[in-house]
Amino acid sequence: MNFSALLEQVRRTPESLSIPADWGQGRASFGGLVAALVYDVMRNKVAADRPPRSLAITFVAPVAPDTATCFEAEVLREGKAVSQVLGRALQNGEVVALVQGSFGAPRPSSVSVEAQPAPVLEAVEGSQELPYIPQVTPEFTRHLAMRWGLGGLPFSGSQSREMGGWVRFRDQERVETLGEAHLLGLVDAWPPAVLSLLKGPAPGSSLTWTIEFIQPLVSVTSDQWCLYRAQIEHARDGYGHVAAALWTASGELLAISRQTVTVFG
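Residues numbered from 1 in each chain as written. Predicted model: local features only at pLDDT ≥ 70, side-chain atom pairs only at ≥ 80, totals over all residues. Heavy atoms only, no water.

## Notes on the overall build of the protein
Move 1: A count of helical and extended segments in the protein gives 3 helices and 14 strands.
Move 2: Against the globule reference of 18 Å for 265 residues, the protein gives a C-alpha radius of gyration of 18 Å, in line with a compact fold.
Move 3: Seen through its C-alpha atoms, the protein measures out along the principal axes to roughly 50 × 50 × 40 Å.
Move 4: For the protein, buried positions account for 50% of its 265 residues.
Move 5: Restricting to contacts in the protein with at least 6 residues of sequence separation, those with at least 24 account for 68%.
Move 6: In the structure as shown, the protein presents an accessible area of about 12,600 Å², 52% of it carried by carbon and sulfur atoms.
Move 7: Looking at the protein, you have 21 positive and 26 negative side-chain charges, and the mean spots of the two groups are 6 Å apart. (Helix = DSSP H or I, 4+ residues; strand = E, 2+ residues; numbered from the N terminus. Rg over C-alpha atoms; globule rule 2.2 N^0.38 Å. Buried < 20%, exposed > 50% of the residue type's maximum accessible area, 1.4 Å probe, protein only. Contact = heavy atoms within 4.5 Å. Areas by Shrake-Rupley, 256 points an atom, 1.4 Å probe, with all protein chains shown as cover. Lys, Arg positive; Asp, Glu negative; His and termini not counted. Charge placed at Lys NZ, Arg CZ, Asp CG, Glu CD.)

## Comments concerning the pattern of salt bridges
Move 1: The tally for this structure, following the rule as stated, stands at 6 salt bridges.
Move 2: For D40, the salt bridge goes to R11, with nearest N and O atoms at 2.6 Å. Highlighted residues: D40 in helix 2 (residues 31-43) and R11 in helix 1 (residues 3-12), separated in sequence by 29 residues.
Move 3: We classify R11 as partly exposed; its relative accessible area is 46%.
Move 4: With a closest N to O distance of 3.2 Å, R88 and E72 form a salt bridge. Residue R88 is located in strand 6 (residues 82-91), and its partner E72 is located in strand 5 (residues 68-78); the two are separated by 16 residues in the primary sequence.
Move 5: Taking relative accessible area as the criterion, E72 reaches 32% and is therefore assigned partly exposed.
Move 6: Because the salt bridges share partners, they merge into one network encompassing E72, E74 and R88. (Salt bridge = Lys/Arg side-chain N within 4 Å of Asp/Glu carboxyl O.)

## Notes on helix 3 (residues 180-188)
Move 1: Within helix 3, 9 of the 9 residues are buried, which leaves the element mostly enclosed by the surrounding structure.
Move 2: For helix 3, the set of buried residues is E180, A181, H182, L183, L184, G185, L186, V187 and D188.

## Section: the UniProt feature "domain: Acyl-CoA thioesterase-like N-terminal HotDog" (unreviewed entry) in the protein
Move 1: Mapped onto this structure's residue numbering, the UniProt feature "domain: Acyl-CoA thioesterase-like N-terminal HotDog" (unreviewed entry) falls at residues 19-104.
Move 2: Span residues 19-104 is 15% helix and 51% strand, its end C-alpha atoms 30 Å apart. (UniProt positions renumbered as here; feature names shortened; annotations may be inferred.)

## A look at the packing of aromatic side chains
Move 1: Applying the stated rule across the entire model yields 7 aromatic pairs.
Move 2: Ring geometry for F3 and W23: centres 5.7 Å apart, planes at 65°, overall edge-to-face. On the criterion of sequence distance, the pair formed by F3 in helix 1 and W23 in the loop between strand 1 (17-18) and strand 2 (24-25) is long-range, its members being 20 residues apart.
Move 3: Its relative accessible area of 2% is what places F3 among the buried residues.
Move 4: Between F3 and F169, the aromatic rings sit 5.1 Å apart at their centres with planes inclined by 50°, giving tilted as the arrangement. With F3 in helix 1 and F169 in strand 10 (residues 162-169), this pair connects stretches of sequence that are 166 residues apart.
Move 5: Cluster of aromatic residues (ring-pair linked, three or more members): F3, W23, F30, F140 and F169. (Phe/Tyr/Trp six-rings, centres within 6.5 Å; stacked < 30°, edge-to-face > 60°.)

## Things to note about the domain arrangement of the protein
Move 1: Domain annotation for the protein reports domain 1 (1-104) and domain 2 (116-264).
Move 2: Taking only C-alpha atoms, the centre of domain 1 and the centre of domain 2 are 20 Å apart.
Move 3: Roughly 2,100 Å² is buried in total at the junction of domain 1 and domain 2, and carbon and sulfur atoms are behind 62% of that figure.
Move 4: Of all residues in domain 1, D22, F30 and F59 bury the most surface against domain 2, accounting for 21% of the area lost on that side.
Move 5: Between the two partners, domain 1 and domain 2, sit 0 salt bridges. (Domains from an automatic or database assignment. Buried area = accessible area lost by both parts, 1.4 Å probe.)

## Concerning unusual backbone geometry
Move 1: In this chain, Q215 is followed by P216 through a cis amide linkage whose omega measures -5°.
Move 2: Locating P216 in the fold gives a position in the loop between strand 11 (204-213) and strand 12 (226-236).
Move 3: Even without being glycine, N92 reaches a positive phi, approximately 55°.
Move 4: Examined against the element boundaries, N92 turns out to sit in the loop between strand 6 and strand 7 (94-104).
Move 5: The exposed category is assigned to N92, whose relative accessible area is 73%.

## Looking at the packing of helix 1 against helix 3
Move 1: Here helix 1 crosses helix 3 at 135°, and the two axes come no closer than 11 Å. With respect to each other, helix 1 and helix 3 are oriented oblique. Every pair of crossing elements has a handedness; the one defined by helix 1 and helix 3 is right-handed. Where helix 1 abuts helix 3, its residues F3, S4 and L7 lie against A181, H182 and G185.
Move 2: Across the contact of helix 1 with helix 3, the residue classes tally to 3 nonpolar, 3 polar and no charged. (Axes fitted to C-alpha atoms, helices over the stretch in contact; angles between N-to-C directions. Parallel < 35°, antiparallel > 145°, perpendicular 65-115°, else oblique. Left-handed = near helix turned anticlockwise from the far one by under 90°. Nonpolar A, V, L, I, M, F, W, Y, C, P; charged D, E, K, R; others polar.)

Given below as structure tokens:
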């Protein structure tokens, strides 16, 4: 099942959905997909004129693939312009992921500040492809296309604080406008930037993740490339702090991300 098909399924049966093993990431399911499924259930609790502004995601425990998972959401507060919503993913009655979301309608304001410009990278055609390799790369990468353009590869012993390049979904037959749920998948597709500092393979995973969407969302279709850049701000004691952003190919900002990642090496 592709990303969009899983989103459609969670709308039909949020109380019991099993994430296929081909969306695996080590012993867990791909975090970007887990967050997207929880978010999609949350989105249905809020009026359409209140788009998502920010999500705070905590991966409480590994979300096992091929295991019945319940996705649920509740509205904590409905204000005049902002709705606060809490979403959860549960397996065997225990919480495995939490998402707190803020949805807000636009309001008049005299404040207007343009985003920082996107980084300038080599064109997609000239960038190094990151292929899906069975038993080597995470299973979920079979569904996403990536081209390396910035910083070091994982476990390369790089000294660069940056990592990034181009990303899109591999399934080009479904040319649809991507929503915030899809952007969660694109942003989280990249490995934690701190892994590039290591000289040999070691596991690493997201502990917490905050993402903010730039509204109104710029239209992007599934066959278009997006540009991603992550910057390591600090790392010590097995934890790294990484700031990142996602842009359209033409340089329009789509989302701003921050993650605390665990590194076992």
